[in-house]
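# Descriptive structure summary
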Amino acid sequence: MGTNGSTMLEPLRQGLPPLDPAAVSNAASCALPARYEAVREARLFTRRTLDQWDVGDRFDDICLVVSELVTNALRHALPGDAGRCGDQASPVRLHLMRWTERLVCAVRDPSHETPVARDSDDFSSESGRGLFLVDSFSDSWGWHPLAGTLNGKVVWALFRLRPAE
């Protein structure tokens, strides 16, 4: 499988943590429609994928972070919200990549806005809280604009996995 995993990584490579794409042991991705039901689809896809990958005690953390990243991406991808993004059939894409002791989930969206985590006491304020959760439950996270013909950005979160016993 080695080759398709690393070609899928090409647009993600820039700005990702220093992990060798050739050493990816598993990779999966799914395109998500620009509607809020996609969060549920992303969760199901993630659960099915992680079931096969044995990520130990990080399972729930990863599922939570994927939900938050996809929710954030959809907030920017939905038409009317972020200008004219409706020309792409599927503006949001979720990538899951696993190395021996690391897992990265990366979500692509059509917005160029910088994601900002806010430690908000105001729990009625939705904006920015998702990234605060991402920051709390993942080992590190970041983002980068997409280069070339691809519009938008990728937001990624990294999880350290315990080596299998």
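Heads up: the structure comes first, above all this text.
Within every chain, residues take consecutive numbers counted from 1 along the sequence as written. In keeping with the predicted nature of the model, local features appear solely for residues at pLDDT of at least 70, side-chain atom pairs appear and are counted solely at 80 or more, and the whole-chain, interface and lining totals rest on all residues. Where side-chain values are given, they derive from all heavy atoms of the structure, hydrogens and water being excluded.

## Quick notes on the overall build of the protein chain
Summing up its helical and strand segments, the protein chain has four helices and five strands in all. Per the convention used, a helix needs a DSSP run of H or I reaching at least four residues, while a strand needs a run of E reaching at least two, with both numbered from the N terminus. Secondary structure elements in the protein chain, listed N-terminal to C-terminal, are α-β-α-α-β-β-α-β-β. Burial here depends on accessible area, computed with a 1.4 Å probe over protein chains only, as a share of the maximum for the residue type. Under 20% is buried, over 50% is exposed, and the range in between is partly exposed. Here the protein chain, with 165 residues, has 47% of them falling under the buried criterion. In this analysis, two residues are considered to be in contact whenever any of their non-hydrogen atoms come within 4.5 Å of each other. Long-range contacts, defined here as pairs at least 24 residues apart, represent 64% of the contacts in the protein chain between residues at least 6 apart. Summed over all atoms, the accessible surface of the protein chain reaches about 8500 Å², with 49% contributed by carbon and sulfur. Per-residue accessibility takes into account occlusion by the displayed protein chains alone, with areas from the Shrake-Rupley method and a 1.4 Å probe.

## Describing the nonpolar core
By size, the foremost hydrophobic cluster in this structure holds 32 residues, and its most contacted members are L69 and L94. Among the elements of the structure, strand 1 (26–32), helix 2 (37–53), helix 3 (59–77), strand 2 (92–98), strand 3 (102–109), helix 4 (129–137) and strand 5 (153–160) are those that each provide at least two residues to this core. Here this core takes ten residues from helix 3, the largest share from any one element. Other than its neighbours up to four places away in sequence, L69 contacts C105, V107, L131, V134, V155 and A157. To form a nonpolar core, buried Ala, Val, Leu, Ile, Met, Phe, Trp, Tyr and Cys residues must be joined to one another through side-chain atoms within 4.5 Å.

## What to know about helix 4
G130, L131 and V134 are the residues of helix 4 that are buried. Here the buried residues of helix 4 occupy an arc of 95° about the axis, which is enough to place them on one side. Of the surrounding secondary structure, the elements contacted by the buried residues of helix 4 are helix 3, strand 4 (140–145) and strand 5. Arc definition: directions from the helix axis to the C-beta atoms.

## Re the sheet that holds strand 2
Paired strands, as defined in this entry, are two strands with at least two bridges between them according to DSSP. A sheet is described by the order of its strands in space; here five strands give the open sequence 1-2-3-5-4, paired in antiparallel fashion. The sheet is open, and its two borders are formed by strand 1 and strand 4, each paired with just one other strand. The average angle at which neighbouring strand axes cross in this sheet is 15°, direction not considered. Examined bridge by bridge, strand 4 and strand 5 share six bridges and lie antiparallel to one another. For S140, the partnering residue across the bridge sits in strand 5 and is L158. To get an axis, fit a line to the C-alpha atoms, keeping to the stretch in contact for a helix; angles then go from 0 to 180 degrees between the N-to-C directions.

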